[in-house]
Amino acid sequence: MKPNLYHVLGAKQFSRTELDELFAAARRMEDVVRAGGNRSHEGRIMTTLFFEASTRTRLSFESAMSRLGGSVIGTENAAQFSSAIKGETLEDTIRIVSGYSDVIVMRHTDIGAAKRAAAVADVPVLNAGDGAGEHPTQALLDAYTIEKEAGRIDGVRIAMVGDLAYGRTVHSLSYILANYRDVMIYYISPENVRIPSSVKRYMDEKGIRYEETTDLDAVAGSIDVLYQTRIQKERFPSPEEYDKAAGQYIVDEKLMSLMSKNSIVLHPLPRAGEISEAVDGDPRAAYFRQAQNGLYIRMALVDKALSGVKG
Amino acid sequence: MKPNLYHVLGAKQFSRTELDELFAAARRMEDVVRAGGNRSHEGRIMTTLFFEASTRTRLSFESAMSRLGGSVIGTENAAQFSSAIKGETLEDTIRIVSGYSDVIVMRHTDIGAAKRAAAVADVPVLNAGDGAGEHPTQALLDAYTIEKEAGRIDGVRIAMVGDLAYGRTVHSLSYILANYRDVMIYYISPENVRIPSSVKRYMDEKGIRYEETTDLDAVAGSIDVLYQTRIQKERFPSPEEYDKAAGQYIVDEKLMSLMSKNSIVLHPLPRAGEISEAVDGDPRAAYFRQAQNGLYIRMALVDKALSGVKG
Amino acid sequence: MKPNLYHVLGAKQFSRTELDELFAAARRMEDVVRAGGNRSHEGRIMTTLFFEASTRTRLSFESAMSRLGGSVIGTENAAQFSSAIKGETLEDTIRIVSGYSDVIVMRHTDIGAAKRAAAVADVPVLNAGDGAGEHPTQALLDAYTIEKEAGRIDGVRIAMVGDLAYGRTVHSLSYILANYRDVMIYYISPENVRIPSSVKRYMDEKGIRYEETTDLDAVAGSIDVLYQTRIQKERFPSPEEYDKAAGQYIVDEKLMSLMSKNSIVLHPLPRAGEISEAVDGDPRAAYFRQAQNGLYIRMALVDKALSGVKG
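Residues numbered from 1 in each chain as written. Chains lettered and ligands numbered in written order. Predicted model: local features only at pLDDT ≥ 70, side-chain atom pairs only at ≥ 80, totals over all residues. Heavy atoms only, no water.

Across the contact, 27 residues belong to chain C and 28 residues belong to chain A. Of the roughly 2,300 Å² buried where chain C meets chain A, counting both sides, 48% is carbon and sulfur surface. Between the two partners, chain C and chain A, sit 4 salt bridges. As a salt-bridge pair, C:Arg271 and A:Asp92 come within 2.6 Å of each other at their nearest N and O atoms. Sorting the residues of the side of chain C that touches chain A by element identifies helix 2 (55–67) and helix 12 (287–306) of chain C as the ones contributing at least two each. It is helix 2 of chain C that provides the largest number of residues to the side of chain C that touches chain A, a total of 9 residues. (Contact = heavy atoms within 4.5 Å. Buried area = accessible area lost by both parts, 1.4 Å probe. Salt bridge = Lys/Arg side-chain N within 4 Å of Asp/Glu carboxyl O. Helix = DSSP H or I, 4+ residues; strand = E, 2+ residues; numbered from the N terminus.)

This paragraph deals with empty space enclosed by the protein. The final tally for this structure, using the stated rule, is 5 cavities of 30 Å³ or more. Approximately 740 Å³ is the volume attributed to the largest cavity. The wall of the largest cavity is formed by 41 residues, among which A:Val72, A:Ile73, B:Val72, B:Ile73 and C:Val72 lie closest to the centre. Mapped by element, the contributors of at least two residues to the lining of the largest cavity are helix 2 (55–67) and strand 2 (71–75) of chain A, helix 2 (55–67) and strand 2 (71–75) of chain B together with helix 2 and strand 2 (71–75) of chain C. Broken down by class, the residue content of the lining of the largest cavity amounts to 6 nonpolar, 22 polar and 13 charged. (1 Å grid on protein atoms, 1.4 Å probe; cavity = no way out; pocket = protein on both sides within 12 Å on 5 of 7 lines; lining within 4 Å. Points joined across faces, edges and corners; volume = space filled by probe spheres on them. Nonpolar A, V, L, I, M, F, W, Y, C, P; charged D, E, K, R; others polar.)

According to the stated counting rule, one finds 70 salt bridges over all chains in the structure shown. Of the charged contacts in the structure, one is a salt bridge between A:Asp31 and A:Arg34, with a shortest N-O distance of 2.8 Å. Of this pair, A:Asp31 and A:Arg34 both sit in helix 1 (residues 16–34), 3 residues apart, which is roughly one turn of that helix. Residue classification places A:Asp31 among the partly exposed positions, given a relative accessible area of 46%. B:Lys148 is the salt-bridge partner of B:Glu30, the closest N and O atoms lying 2.7 Å from each other. Here B:Glu30, found in helix 1 (residues 16–34), pairs with B:Lys148, found in helix 6 (residues 136–150); they are 118 residues apart in sequence, far enough to count as distant. Here B:Glu30 falls in the buried class, since its relative accessible area comes to 11%. Here the residues in one salt-bridge network are A:Arg39, A:Glu42, B:Arg39, B:Glu42, C:Arg39 and C:Glu42, joined through shared partners. (Buried < 20%, exposed > 50% of the residue type's maximum accessible area, 1.4 Å probe, protein only.)

Through backbone hydrogen bonds, the strands of a sheet pair up, either in parallel or in antiparallel fashion. Residue and element names in this part refer to chain C. Overall, parallel pairing links the 5 strands, which are arranged 7-6-5-8-9 in an open sheet. The outermost strands of the open sheet, each flanked by one partner alone, are strand 7 (209–213) and strand 9 (264–266). Looking at each pair of strands side by side, their axes are set apart by 20° on average, direction ignored. Bridge count for strand 5 (residues 157–161) against strand 6 (residues 184–188) is 5 bridges, and the pairing is parallel. Bridge pairing links Ala 159 to Tyr 186 in strand 6. (Pairing = 2+ DSSP bridges. Axes fitted to C-alpha atoms, helices over the stretch in contact; angles between N-to-C directions.)

Under the counting rule described, the total for this entry stands at 12 aromatic pairs over all chains. Seen from their ring centres, B:Tyr175 and B:Tyr202 are 4.8 Å apart, and the 70° between their planes marks the pair as edge-to-face. With B:Tyr175 in helix 7 (residues 168–177) and B:Tyr202 in helix 8 (residues 197–206), this pair connects stretches of sequence that are 27 residues apart. For the pair shown, B:Tyr175 and B:Tyr202 are each scored as buried. Positioned over the ring face of A:Tyr175 is A:Lys12, at 4.5 Å from the centre of the ring. (Phe/Tyr/Trp six-rings, centres within 6.5 Å; stacked < 30°, edge-to-face > 60°. Lys NZ or Arg CZ within 6 Å of the ring centre and 35° of its normal.)

Once that is clear, we can look at the pairing of strand 7 of chain C. Each regular strand carries side chains that alternate between the two faces of the sheet. Sheet topology places strand 6 of chain C next to strand 7 of chain C; 5 bridges connect them, and they run parallel. Among the inter-strand pairings, C:Ile185 is bridged to a residue of strand 7 of chain C, identified as C:Tyr210.

When chain C is fitted onto chain A, the two copies agree to an RMSD of 0.0 Å after a turn of 120° and an axial shift of 0.0 Å. Taken together, the rotation and translation relating the two chain copies correspond to the operation of a three-fold axis. Looking at the interface residues of chain C, only 11% of them are also at the interface in chain A, so each copy uses its own face. (Least-squares fit on C-alpha atoms with pLDDT ≥ 70 in both.)

What follows is about the pairing of strand 4 (residues 125–130) of chain B. Residues and elements named next belong to chain B. When you tally the buried positions in strand 4, you get 6 out of 6 residues, the bulk of the element. In this sheet, strand 4 lies alongside strand 3 (residues 103–108) in parallel orientation, the contact comprising 4 bridges. Looking across to strand 4, one finds that His 108 is bridged to Asp 130. Each parallel crossover has a hand, and the one from strand 3 via helix 5 (residues 113–120) to strand 4 is right-handed. (Right-handed = clockwise from strand over helix to strand, strands pointing away.)

What follows concerns the UniProt feature "binding site: L-aspartate" (unreviewed entry) in chain A. Residue and element names in this part refer to chain A. Cross-referencing UniProt, the feature "binding site: L-aspartate" (unreviewed entry) maps to Lys 86, Arg 168 and Arg 230 in the present numbering. Spanning 145 residues, the named residues do not form one spatial group; their C-alpha atoms are separated by as much as 34.8 Å. On the basis of relative accessible area, Lys 86 is assigned to the partly exposed category, the value being 31%. Tracing the backbone shows Arg 168 in helix 7 (residues 168–177). (UniProt positions renumbered as here; feature names shortened; annotations may be inferred.)

The next point concerns the relation of the copies chain B and chain A. When chain B is fitted to chain A, the best match, at an RMSD of 0.0 Å, comes from turning it 120° and sliding it 0.0 Å along the axis. Comparing contact sets, just 11% of the residues at the interface of chain B also lie at the interface in chain A, consistent with a heterologous contact between different surfaces.

All names here are of chain A. Each domain of chain A was delimited in the assignment, giving domain 1 (11–134 + 294–306) and domain 2 (137–279). Computed over C-alpha atoms, the centres of domain 1 and domain 2 are 26 Å apart. Domain 1 puts 27 residues into the contact, and the matching count from domain 2 is 20 residues. Surface buried jointly by domain 1 and domain 2 totals about 2,000 Å² across both partners, of which 54% is contributed by carbon and sulfur atoms. In this assembly, domain 1 and domain 2 are joined by 3 salt bridges. With its nearest N and O atoms 3.1 Å apart, the salt bridge here joins Arg 27 to Glu 147. Connecting domain 1 to domain 2 are 10 residue pairs in polar contact (both at pLDDT 80 or more). Put simply, the parts of the chain that give the side of domain 1 that touches domain 2 at least two residues each are helix 1, helix 2, strand 4 (125–130) and helix 12 (287–306). With 8 residues, the single largest contributor to the side of domain 1 that touches domain 2 is helix 1. Along the lines of polarity and charge, the residues of the side of domain 1 that touches domain 2 split into 11 nonpolar, 6 polar and 10 charged. (Domains from an automatic or database assignment. Polar contact = N/O pair within 3.5 Å; in protein donor to acceptor, adjacent residues only side chain to side chain.)

See the structure below:
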């Protein structure tokens, strides 16, 4: 890996100091956007390499680059990446694309793809999700939203709800939260998609308190943050079991009535029924503000990567 | 719908005054393009969301934004819009993309999609076609072309030819023309794809004269504008009936010989045989100039949307 | 074809003087990139029309335009080019897209497509590959790399290896090399994919020496440049015959040990096994530097096309 490049590869790479600095930078980016963007990276080029479609994440990065005055080239269609079809390795692709741009944003289907890319790249690599692996920029915007909405992350009580086995955002967010004091996490999921032991081990090492349960209603009243996620039908042995499991965890007006008036509801989006639209008007429904925060966090990361500061 | 946003959703929203202003703005945009573009919207971002491919229309909008100094982010591939695949509603998508850009250009397969988008968007929405619904920017560039080529729209005699039942451009153009005085429309189509009664009712209300006929040759000599469109094979019970119907309405040198020397031929393009290439060199063949006018109209619309003027 | 437009359509169009000028311009572009790009074509628009995917080539052109301050609009997905699906001719598409941009970069599946586009375009057309036809910008960057790495092209001894029947890059490169003095080409391929007689005829006319052989090892020691290409499985009657043929021509450490210490290895990339990764660290492995040179050559071509100089 080339020295002096600021790659964003996984959530575990961030220290508390780095998070504090990043969130301060993101707050400054909110001002930049309100002022209509700036031209601080005019002439610089971002390549977005999406080997797997993720329109929202891609547009968010491309908007971040545009707001900073830079240009974007890229490919939105992984499956048809022509060289990949011809058998080219990821490493070869990255070696070449490195020469065309100043920063690479990559989404890939394989765990560890971002690290492999960074190992051969001449420019910073920002991991926009690598398979069932990591999605660090999502976790960063999640944590930024908690700090902004709840006023602090130290001491926060958060319930992560849904498919905790395969949902990589809850893993990455857990790693970020491990940098804070007195955090309490409730991992709430159906039995067959519980939080992996590797995540629990990491939290144990970092001294983070957590509890596993299947009962959302029981903890709803005592949390500051409800982090809802999708449950995918294909994880369940039958549609009936899926319906039963998913039905338990729908955020609706009834659930909101159990939650404290200063709590917030987050979701990495897209949602597909697990948060009722009836909740959208509730001031505690923070998920659209959360999506917007993705822009500020990504602007801060792109700015740091292009400024050549090694993290 | 947020106040003070200039959405372009359907052709009926335009008054005569607005059309006059828009066409004047489009004429100024012709000068801007001749001068190599300007930087009046540098730093602003357009998102093009094409849930259905329409390369020409997308490139036309993206060129318009680029000519005004702005940036474009987007997705050309509707069918693979990743969040839509995961079950996200259009409204959720728009809520989020709103935060990434200053104007949204959307093409969708569903009638009314543009209105639904505008209802939740924080930025202007420009409808680039919504299913069998509307395609207002096409109708605007059609009318602009008539004014430019024929010198006026008041008093114009126009034949709309082809599939008038499913061809949304002829509906939208009819609504635009309803703002002008002494217009005469000939709706010329095979029996099975006649102009819908909803369009005729609207023209009646507005006091616009029209006639329905199947015989193009009979009116060719007395019109100022021939607006040709495609006839789609799948609308007909058999290939033989399609061939018979479509064959009647081909614009070729013989038909051109029936038309007056000051008349013009328009077509929203792409064409697929319904205008002979032998006609391309005829000065009355205005369809490529018409396509070019799409750039100026879209520049005028984008400029108005980004200038925050409510229409 | 409109006069005073600088199209790049095929490798045969270039004279020695033009090549010398182009390579000098490319060297200046290396300085431009080192300085972070310039804004010399701010406000100009490139349209990339890729009717066939070629991510690397497209990104290379888009990066070139961005480095010169221009904007890019385009379509990466040939197969779904909406107007083409509706039966539009290439000529109609080009007539319209001409009006949206200042230069068109086109990749197409059909031989001769670039010439057909240039015949009707109002702006310069740069051929980014037309089917089994030509890929002139690849050949230009190949020749530029030889001049840069070997110090000269006159007098160079080059082996072109692999599928010489269907590999268009070796055809285009042969045409470029025909402009130089004392070049010696070894065409090395399996019997069933030998260099076409049309190419040999052209080299004969130009007085270029060449030899055909199946034996790479025998010439490895006496060449300055080894130009490796892919061999496609589907050209062979059986997988066994493919394996036998392809296996003969793998560039590995053993082959490198036969080559002189000042020689270089090139490859248009992507590779798929025909150059061993063990060779990547060898200073003679010039294929990634070659890919990077594509940026400089394309910047020089785009700059020339936009500067309105007729070649």
